[in-house]
Amino acid sequence: MSEPTIRDEKDGTVTLAPPLAAAFPVPTMEAWRAAVEKDLAGAPFDKKLIWQTPEGIAVNPVYTRKDLEGVAHLDSTPGQAPYVRGTEPLAGVLPKWQIRQDCLLASPEEVNGAIRDGLARGQTAIGIRLDNASRRGLDGDDPRAAEKAGVGGMTVSSINGVRIALQDIDMTLHPISWRTGSAALPVLAMHMALALERGYNPQLLTGSVECDPVRELVRTGHVRGGSLNLRFREMVEMVEWCARHASGMRPVVVNSNPWHNGGASAVQELAATIATGVEYIRRMVAAGLSVDAAALSMIFSFSVSENVFMEVAKLRAARLLWAQATEALGVKAEGGRKMFLHARTSTNTKSRFDPYNNMIRSAVEAFAAGVAGVDSLYIAPFDEVIGRPDDFSMRIARNQHLLLQEESHLSRIVDAAGGSYLIESLTDSLGRAAWEEFQKIEADGGIIESLRKGTIQAAIAKKADERRKAVASRRTPVVGVSNYANPMEKALVKSHTPRASFLAERRVRLVRLKSLRRGHELRAKLAELTETFKDRHTGRAFDIALVAAELGATIGEICAAIDAAAAPNDMIQVTPLPSMRLSEPFEILRDRTARWTEKNGRRPKVMLLPFGPLAMRRARADFSMSFFSAAGLQMEEVEPIAEAAKAVARVREVAPEVVVLCSDDDSYEAYGKELLAQLGASRPVVYVAGNPPSADALKAAGVDGFIHIRSVLLDELTGLLDRLAIS
């Protein structure tokens, strides 16, 4: 290609054109700042444009190369330590992230059908969540399981349920992950027993079970059976057996979700999760395992919320932090320093109301996970927080993976965020802050001691309270819930498993199972399991549990046999960290309104009464519409009425529970006083939209409240429902 030239029109001479860039002056940040401040018209730059995140990180409106000065990881490449850009040279491309859609259905038969359907339609990994009874080590016929069996996942008691769930599925073709709660050891034993029964070499199996005692401790304040030492002993037994016989199975899952759903900032979430992984390695090494075997036994599962840039940075920083932590612990195996990173879309960002917004939220969250280069991903069905997911919601969730991989081409680029001034700066800032927070946990004695003392719970509770207040006042909007709510939406109709007949059938199956087993042999094996766990020597217990599983032992029986080995003085109890969804306080308001509606045959009515100048009455009517809709109240805006006397007749005609005056500040006092005087004592609740100078006079005249941009929405609506006796 010839170089560009310029012809002089007067004498016809031809000269080489200067480079295009030379024709424009290089702009400076100072010139940009001056132009921005001119547009701000006196508003302070720092206050208006610099965003302070919940993590305490200042996010600027624009980034340049200067923001990356001192960032140590910039020269790293994918597949090389500290693994910020991925743990493999083609991370996220070869292979693509695993499409792991966990099945939450109740019966093993349903689960088997859903798995086979998912694998036929693009799913590449299998996930099965146990029900709330099994996750606590209880069988379906245990009285303590009455409210838990069949809730939240698959009801399974013995290897028979595992057989049915995995019927006609090649256990070596896809990673199989079990979300087991405290039942990790018996489920792993049943999984391995089934594999051996079918003739598979255990070394060909891949996947995980969810041994994560710290998660149990954070969620409930205790662990199954009360003994944390026994729970760690179970971990060691599983890891030791898998290291010898099934190295593709990872028995330890370090979950970030108890911290995430408890309201932790990204810094706290990272620090607590890394501290948990470090605690697990130390416990396993103290029990005699090698540090490399301990590190290779783990995967990390992070929740991903809707803040795309921060979440991409969080996941990239997680790999960096784990590389640093494992180096400090002396891990030599390269695979042990590489974090296997599973992600799941956040629970605390989802809502029961306007639930189709959850599809959009999960798509954004999944996008962040894909850009960050996760190894596997679970996209929660949009109706998961409402009840049992159906075929439609499961299909949409699965297709979100496929759209991101196949149509958006996220799986064609390794670390697409790499080099972004913003993402790299956030990754570095988050990593530094999280490492500092991690060191505080270490100084407190580690994650277990921090939980015993309540230090970490208090710090996260403080951050969670700040976030709740931000949502309550609409500084942090929840679309369709606190902002832009649709009070007239129709609730999703969910199908439910008939509990009485379902539980009765499960009990019948358990009775039949127990009647057909070699009871004497099984009881002897369970007693041997108890004695083995009383012995400090490790390495035999899982083999015994494996035989017990083959003999038909149930989850409850295996867990009870292990728990019987607990020493009386070996119990732990801590303050649990309650989980939260951001929309829950508003859902409570909507539920209160729904119950009142069901009782009275109509919704509580809010009448917007506009008058005065058009611009202000329109703006304040729109504000009020959004404000009261968040409680599910019926909104009715009448025509503008200039005279208070005429407005009285309209109020009596509409007969609302609430009237909101919508006008400019100067028009409120005279109009409001006359309206209230003529309405008399038997009147609806009256609000004024705004905070006018005449507020005191209007209060004295009988105005019940004022709503404006500084109002705490949740408090105002809660107070209103209380006043209306909507309980």
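Right, let's walk through the structure included here. (Residues numbered from 1 in each chain as written. Predicted model: local features only at pLDDT ≥ 70, side-chain atom pairs only at ≥ 80, totals over all residues. Heavy atoms only, no water.)

Details of the pairing of strand E8 (residues 207-211)
Okay, step 1: Of all 5 residues that make up E8, 5 are buried, and the element is covered over most of its length.
Okay, step 2: In E8, alternate side chains face the same way, and those of Gly207, Val209 and Cys211 on one face and Ser208 and Glu210 on the other are all buried.
Okay, step 3: Across 3 bridges, strand E7 (residues 176-179) lies against E8 in parallel orientation. Paired with isoleucine 176 across the bridge in E8 is glycine 207.
Okay, step 4: You can see the chain leave E7, run along helix H5 (residues 184-197) and come back into E8, and the turn it takes is right-handed.
Okay, step 5: Sheet topology places E8 next to strand E9 (residues 249-255); 3 bridges connect them, and they run parallel. From the neighbouring strand, glycine 207 faces E9, where its bridge partner is methionine 249. (Buried < 20%, exposed > 50% of the residue type's maximum accessible area, 1.4 Å probe, protein only. Helix = DSSP H or I, 4+ residues; strand = E, 2+ residues; numbered from the N terminus. Pairing = 2+ DSSP bridges. Right-handed = clockwise from strand over helix to strand, strands pointing away.)

Observations concerning the environment of glycine 370
Okay, step 1: Turning to its location among the elements, glycine 370 is positioned in helix H13 (residues 357-372).
Okay, step 2: By relative accessible area, glycine 370 is classed as buried at 11%.
Okay, step 3: Put simply, glycine 370 and alanine 594 are 224 residues apart on the chain and 39 Å apart in space, counted from C-alpha to C-alpha.
Okay, step 4: If near-sequence neighbours (up to four positions away) are discounted, glycine 370 is found in contact with Trp97 and Leu410. (Contact = heavy atoms within 4.5 Å.)

Things to note about a nonpolar patch on the surface
Okay, step 1: A surface patch of nonpolar side chains, amounting to about 230 Å² of accessible area, comprises Met29, Trp32 and Val62.
Okay, step 2: Here valine 62 is to be found in the loop between strand E4 (58-59) and strand E5 (98-103). (Patch = residues over 30% accessible without salt bridge, like charges linked within 9 Å, V, L, I, M, F, W, Y side chains within 5 Å. Areas by Shrake-Rupley, 256 points an atom, 1.4 Å probe, with all protein chains shown as cover. Salt bridge = Lys/Arg side-chain N within 4 Å of Asp/Glu carboxyl O.)

Side note on the side chain of arginine 474
Okay, step 1: Mapping arginine 474 onto the fold places it in the loop between helix H17 (455-472) and helix H18 (499-516).
Okay, step 2: The side chain of arginine 474 is buried and forms no salt bridge, while glutamate 716, the nearest opposite charge, is found at 11 Å.
Okay, step 3: In this structure the side chain of arginine 474 is engaged in a polar contact, spanning 3.0 Å, whose partner is the side chain of serine 626.
Okay, step 4: Other than its neighbours up to four places away in sequence, arginine 474 contacts Ser482, Asn483, Phe623, Ser626, Phe627 and Leu713. (Lys, Arg positive; Asp, Glu negative; His and termini not counted. Polar contact = N/O pair within 3.5 Å; in protein donor to acceptor, adjacent residues only side chain to side chain.)

Some thoughts on the pairing of strand E15 (residues 658-662)
Okay, step 1: Taking burial as the measure, the 5 residues of E15 include 5 buried ones, the bulk of the element.
Okay, step 2: Alternating positions in E15 separate into two faces, Val658, Val660 and Cys662 on one and Val659 and Leu661 on the other, with burial throughout.
Okay, step 3: Relative to E15, strand E13 (residues 605-610) runs parallel, the two being bridged by 5 bridges. Following the sheet pairing, proline 610 is matched in E15 by cysteine 662.

So, the sheet that holds E7
Okay, step 1: Spatially, E5-E6-E7-E8-E9-E10-E11-E12 is the arrangement adopted by the 8 strands of the closed barrel, whose pairing is parallel. Going across the sheet, the axis of each strand differs from the next one's by a mean of 30 degrees, ignoring polarity.
Okay, step 2: Looking at chain direction, strand E6 (residues 125-129) and E7 are connected through 4 bridges and run parallel. Looking at the pairing, arginine 129 lines up with arginine 179 of E7.
Okay, step 3: Where helix H11 (residues 308-329) meets the sheet, it contacts strand E10 (298-304) and strand E11 (341-345), and its direction lies at approximately 160 degrees from that of E10. (Axes fitted to C-alpha atoms, helices over the stretch in contact; angles between N-to-C directions.)

Topic: the sheet that holds E15
Strand-to-strand pairing in sheets goes through backbone hydrogen bonds, with the strands running parallel or antiparallel.
Okay, step 1: Strand order in the open sheet formed by 5 strands is E14-E13-E15-E16-E17, with parallel pairing between adjacent strands. The open sheet has two free edges, formed respectively by strand E14 (634-637) and strand E17 (705-707), since each of these has just one partner strand. Averaged over all adjacent pairs, the angle separating strand axes in this sheet is 25 degrees, with direction ignored.
Okay, step 2: In the sheet, E15 pairs with strand E16 (residues 685-689) via 4 bridges, with the strands oriented parallel. Counterpart to valine 658 in the pairing with E16 is valine 685.
Okay, step 3: Together, E13, E15 and E16 form the strand contacts of helix H25 (residues 665-679), whose direction differs from that of E15 by roughly 155 degrees.
Okay, step 4: Against the sheet, helix H27 (residues 713-723) contacts E15, E16 and E17, and its axis sits at roughly 160 degrees relative to E16.

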